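# Breakdown of the fold
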Amino acid sequence: MSAAVVVENVGKQYRIGEAESYQTLRDCVARAAGNISRRFRHGQRERKAQAERFWALRNVSLEIRKGDVVGILGRNGAGKSTLLKILSRVTAPTTGSIRLRGRIGSLLEVGTGFHPELSGRDNIQLNGSILGMSKAEIRKHFDEIVAFAEIEKFLDTPVKNYSSGMYMRLAFAVAAHLDPEVLVIDEVLAVGDTAFQKKCLQKMDSVARQGRTILFVSHNMAAVSALCTKGVLLQDGRVVATGPITDVVQKYSSASGVSSTSHWTGDYGDEYARLKESWVRTVDPGGAFDTASDLEVGIRIQVLQPIEGLVLGFRLFSQYEHELAYVLYDDAESSSPPTVFPGEIVKRFIIPGNTLAAGVYKIGVSVGIHNFRAVVLYSDQGSLMFELENVRGIGRRYPTAPLRGYTSLFRPNWPVI
Amino acid sequence: MNSALETGLPEPLVGVASPVESDESPEVLIEASEPLLALRLGDLWKYHELLFFLVWRDVKVRYKQTVLGAAWAILQPILAMLMFTVIFGRMAHMPSDNIPYPLFVYTALLPWQLFAFALTESSNSLVANQHLIRKVYFPRLIVPVAAVLVGLVDFSVSLLVLVGMMIWYHVRVAPTAVLFLPFLVLAVITALSVGLWLSALNIKYRDVKHIVPFLTQVWMFATPVAYSASLVPAKWKLLYGLNPMTGVVEGFRWALLGSATGSGPMMPVSIAAVVFLLLTGLIYFRRVERSFADLV
């Protein structure tokens, strides 16, 4: 088996802000003028230029053999997408070189180049061609694509009139029929509903079984483990591990630095109330800790004596130790705190998706009696820690990694008018 | 479908190399820097099908959701011709080398409007296709080239109108009329040359978008569309020839209407100017092409 992809010392440097916004001549002139005046005042050029650049990738060397299905893992901002972009020739490396053997196809997004005014039929041809299929290949696969997407009846309808589900199915169907020797896939599975994701996974699995070389980035660990044979772990733009996928997935989980405690059980408190259990999980069972997911914070206590004015809730802290919120279960009620009687009390608090930005968060449970005593307060008992990734949420198109200076704590879905 | 997927357990895949391809498949080399003069024009041919699809898409979408549809292709030059005829022909009595003024100006508007359209569209083409540039590889050159070629469709339609007008004015179509073709090619290449510069600059400096309408307007007055090049004093002719569109417009009149002036001595200057613009445009475009996705 020969090498399909050889990556040698590849590095990619960005200027901060470069990826997000274009410049205008005015900015350039303003910056130049600013530099001159600064130089005049300080007698030397400020060494700001270095701070404005960062390496998204550094000294990455890899050899991928023909037929390997490689999962590329790493946190947001580790350089996964940059690597895929360079491999698919969308952007050029700053240093190093890559040798690819065979035709390369890349799916950095589904539905690239779809035109809303054109019909499904036209878009299959256009999108197929953009993804690198020849006219003959498009003709050959046309019927299969239509059948896979289940859009026979709407073939001549402009895609702007499609439902989002139909649109996604069509987009994926075209992409699924691309058969280059090396296939590069980014987060394609992060779209669509669970059933659709499963269908996509199955299709990809069958592609993988045809002996093609695949490079695959996903946050879906189950999918990565199931599909890939080998793994590459990136951290801060460098390769920190390569090898069989199971080893790399394990390293990824342990090297992540955060021991996320999403569930606590115990027995802590006093003669009035005892904290028994606390948890944080996605409302959608088995969902990912994504900024777009609704999260549930749950607290279970055992009340031993009647309590007038039960305080029950939690504090939310950022990774920078900001206290972001102090939430109590009866905050919204205008009446005086209720009296509770002995027994078990379970409260579930929902943090809607698209509230918090990607990052690490800590939850401290708070149980007490109003104006009387604190049962659990500023205690590690019952505290939780979790990390949110931004895979599907608001602001996903832009880097949200703290590494790059993006330290927002909220990424809300505020209306834009 | 298979056990690996359902259990979520990894199952070692045996990489079954298919016997056909193996080492014969072409090798692609991606490097940090490229030689300055690697224009890679061969890529254009390799991706000619995509070029076709991009042109096809733009033609197809062009008049979607308009009431008059493709009739716009005819209406635009006709309306422009009427306007010029009223203002310059009737009111200003602009001399038109003894050719009926409407015919005189329409023959010039044909290549001019093609040029102005191609220039505007190609300048904006990379930004307009940024969603593709950020996600898929193809030689970026095909984007401005496609934008320029789209203009040829409208041009063909307006050419038919010219034939109708020539019949109306009893102008005999000489066999030499086909000689307008080289001038057409010159117009297209001129638009592309400027389009290469402006589209690449537009990626970094969106000022270009605001400059282009002004540029085309000034350029039109520097081109003998509404007037005859014979009005320009002889001593300025060479300088005037630096504008390749002068040669194009005069060439169209000479080939189609048999006007006396022709482009004559200005042509070598025009061609030299275009070759210079095209080569520098290509080199500049190729130099910055690799960072388009990072900047757009």
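Rules used throughout
- Residues numbered from 1 in each chain as written.
- Chains lettered and ligands numbered in written order.
- Predicted model: local features only at pLDDT ≥ 70, side-chain atom pairs only at ≥ 80, totals over all residues.
- Helix = DSSP H or I, 4+ residues; strand = E, 2+ residues; numbered from the N terminus.
- Buried ≥ 20, exposed ≤ 12 C-beta atoms within 10 Å, placed from the backbone.
- Contact = placed C-beta atoms within 7 Å.
- Pairing = 2+ DSSP bridges.
- Axes fitted to C-alpha atoms, helices over the stretch in contact; angles between N-to-C directions.
- Core = buried A, V, L, I, M, F, W, Y, C linked by C-beta atoms within 7 Å.
- pLDDT = per-residue confidence, 0-100.
- Parallel < 35°, antiparallel > 145°, perpendicular 65-115°, else oblique.
- Left-handed = near helix turned anticlockwise from the far one by under 90°.
- Nonpolar A, V, L, I, M, F, W, Y, C, P; charged D, E, K, R; others polar.

Quick look at the overall build of chain A now. A tally of helices and strands in chain A yields eight helices and 20 strands. Counting all 417 residues of chain A, 40% fall into the buried class. Across chain A, contacts joining residues at least 24 apart in sequence account for 72% of those joining residues at least 6 apart.

Glancing now at the overall build of chain B. Within chain B, the regular secondary structure consists of 13 helices and one strand. Along chain B, from the amino end to the carboxyl end, the secondary structure elements read α-β-α-α-α-α-α-α-α-α-α-α-α-α. Residues counted as buried form 40% of the 296 residues belonging to chain B. Counting contacts in chain B only where the partners sit at least 6 residues apart, residues at least 24 apart contribute 80% of the total.

Once that is clear, we can look at the sheet that holds strand E10 (residues 263–269) of chain A. Residue and element names in this part refer to chain A. Pairing is antiparallel in the open sheet, where four strands are placed in the order E10-E11-E12-E17. Strand pairing shows two members of the sheet lacking a second neighbour, E10 and strand E17 (343–351), which therefore form its edges. Taking each pair of neighbouring strands and ignoring which way they run, the sheet shows an average axis angle of 15°. In terms of strand pairing, strand E11 (residues 273–282) meets strand E12 (residues 295–303) through nine bridges, oriented antiparallel. Each bridged residue has a counterpart across the sheet, and for Ala 273 the counterpart in E12 is Val 303.

This brings us to the sheet that holds strand E6 (residues 182–186) of chain A. Residues and elements named next belong to chain A. Spatially, six strands are ordered E5-E6-E7-E3-E8-E9 in an open sheet, and the strand pairing comes out mixed. Two strands in the sheet have a free side with no partner beyond their single neighbour: strand E5 (104–107) and strand E9 (238–244). Averaged over all adjacent pairs, the angle separating strand axes in this sheet is 15°, with direction ignored. For strand E3 (residues 69–73) and strand E8 (residues 230–235), the ladder comprises four bridges, and the chain directions are parallel.

Bringing unusual backbone geometry into the picture now. In this structure, Asn 9 of chain A is a non-glycine residue whose phi angle is positive, near 50°. Its identity is not glycine, yet His 170 of chain B carries a phi of approximately 55°, on the positive side. Relative to the assigned elements, His 170 of chain B resides in the loop between helix H7 (142–168) and helix H8 (180–204).

The next thing to look at is the nonpolar core. Within the largest apolar cluster, 145 residues are counted, with the highest numbers of intra-cluster contacts made by Phe 216 of chain A together with Val 105, Ala 146 and Ala 187 of chain B. At 16 residues, the largest contribution of residues to this core is made by helix H5 (residues 101–128) of chain B. Each residue touching Val 105 of chain B, except ones within four places of it in the same chain, is listed here: Met 81, Phe 84, Thr 85, Val 225 and Ala 226 of chain B. In this structure, Trp 264, Leu 295, Leu 312 and Leu 356 of chain A belong to the second largest nonpolar core, which totals 26 residues.

For the rest of this paragraph, the subject is the confidence of the model for chain A. For chain A, per-residue confidence averages 81 on the pLDDT scale, and residues scoring 70 or more make up 82% of the total. Between residues 43–51 of chain A, whose pLDDT stays under 50, and residues either more than four places distant or in other chains, the model counts four contacts.

Attention now moves to the pairing of E5 of chain A. Residues and elements named next belong to chain A. Here E5 shows no split at all, with Ile 104 and Ser 106 on one side and Gly 105 and Leu 107 on the other all buried. Note: E5 against E6, four bridges, orientation parallel. Bridged to Ile 104 within E6 is Val 182.

All names here are of chain B. Two elements in contact, helix H11 (residues 244–257) and helix H12 (residues 266–289), have axes separated by 8 Å at closest approach and are oriented at 130°. Viewed along their axes, H11 and H12 adopt a mutual orientation that is oblique. The interaxial crossing formed by H11 with H12 has left-handed handedness. For the pair H11 and H12, contact is made by Pro 244, Thr 246 and Gly 247 and by Met 266, Met 267, Ser 270, Ala 273 and Val 274, respectively.

All names here are of chain B. For the pair H5 and H11, interaxial distance at closest approach is 9 Å and the crossing angle is 135°. With respect to H11, the axis of H5 lies oblique. Taken as a pair, H5 and H11 cross one another with a handedness that is right-handed. Between H5, through Leu 103, Thr 107, Ala 108, Leu 110, Pro 111, Trp 112 and Phe 115, and H11, the contact on the second element is made entirely by Met 245, Val 248, Val 249, Phe 252, Arg 253, Leu 256 and Leu 257. Taken together, the residues of the contact of H5 with H11 sort by class into twelve nonpolar, one polar and one charged.

Before going further, it helps to examine the environment of Gly 77 of chain A. On the secondary structure map, Gly 77 of chain A appears in the loop between E3 and helix H2 (80–87). Considering only alpha carbons, one finds Gly 77 of chain A and Val 60 of chain A, 17 residues apart in sequence, at a separation of 15 Å.

Moving on to the pairing of strand E15 (residues 323–328) of chain A. All names here are of chain A. Here strand E14 (residues 310–318) runs beside E15; their pairing, made up of five bridges, is antiparallel. Looking across to E15, one finds that Leu 316 is bridged to Ala 325. Turn length for the E14-E15 hairpin, with the two strands adjacent in sequence and antiparallel, is four residues, and the turn residue Glu 321 shows positive phi of about 70°.

Residues and elements named next belong to chain A. Where burial is concerned, most of H2 is hidden: seven out of the eight residues are buried. Of the residues making up H2, those classed as buried are Lys 80, Thr 82, Leu 83, Leu 84, Lys 85, Ile 86 and Leu 87. Arg 89 occupies a position one or two residues after H2 and carries a positive phi of about 65°.

The next subject is the environment of Val 28 of chain B. Mapping Val 28 of chain B onto the fold places it in strand E1 (residues 27–31). Using a count of 16 C-beta atoms within 10 Å as the deciding quantity, one classes Val 28 of chain B as partly exposed. C-alpha separation for the pair Val 28 of chain B and Val 208 of chain B, spaced 180 residues apart in sequence, amounts to 34 Å. If we skip the residues at most four places from it in the chain, Val 28 of chain B touches Leu 100 and Ile 104 of chain A.

We now examine the confidence of the model for chain B. Segments scoring low in pLDDT should not have their predicted coordinates read at a detailed level. Residue and element names in this part refer to chain B. Mean pLDDT over chain B stands at 82; residues scoring 70 or higher make up 88%. A low-confidence stretch, residues 1–23 (pLDDT under 50), is modelled with 42 contacts involving residues beyond four sequence positions or located in other chains. The ipTM value of the predicted complex is 0.80, and its pTM value is 0.71.

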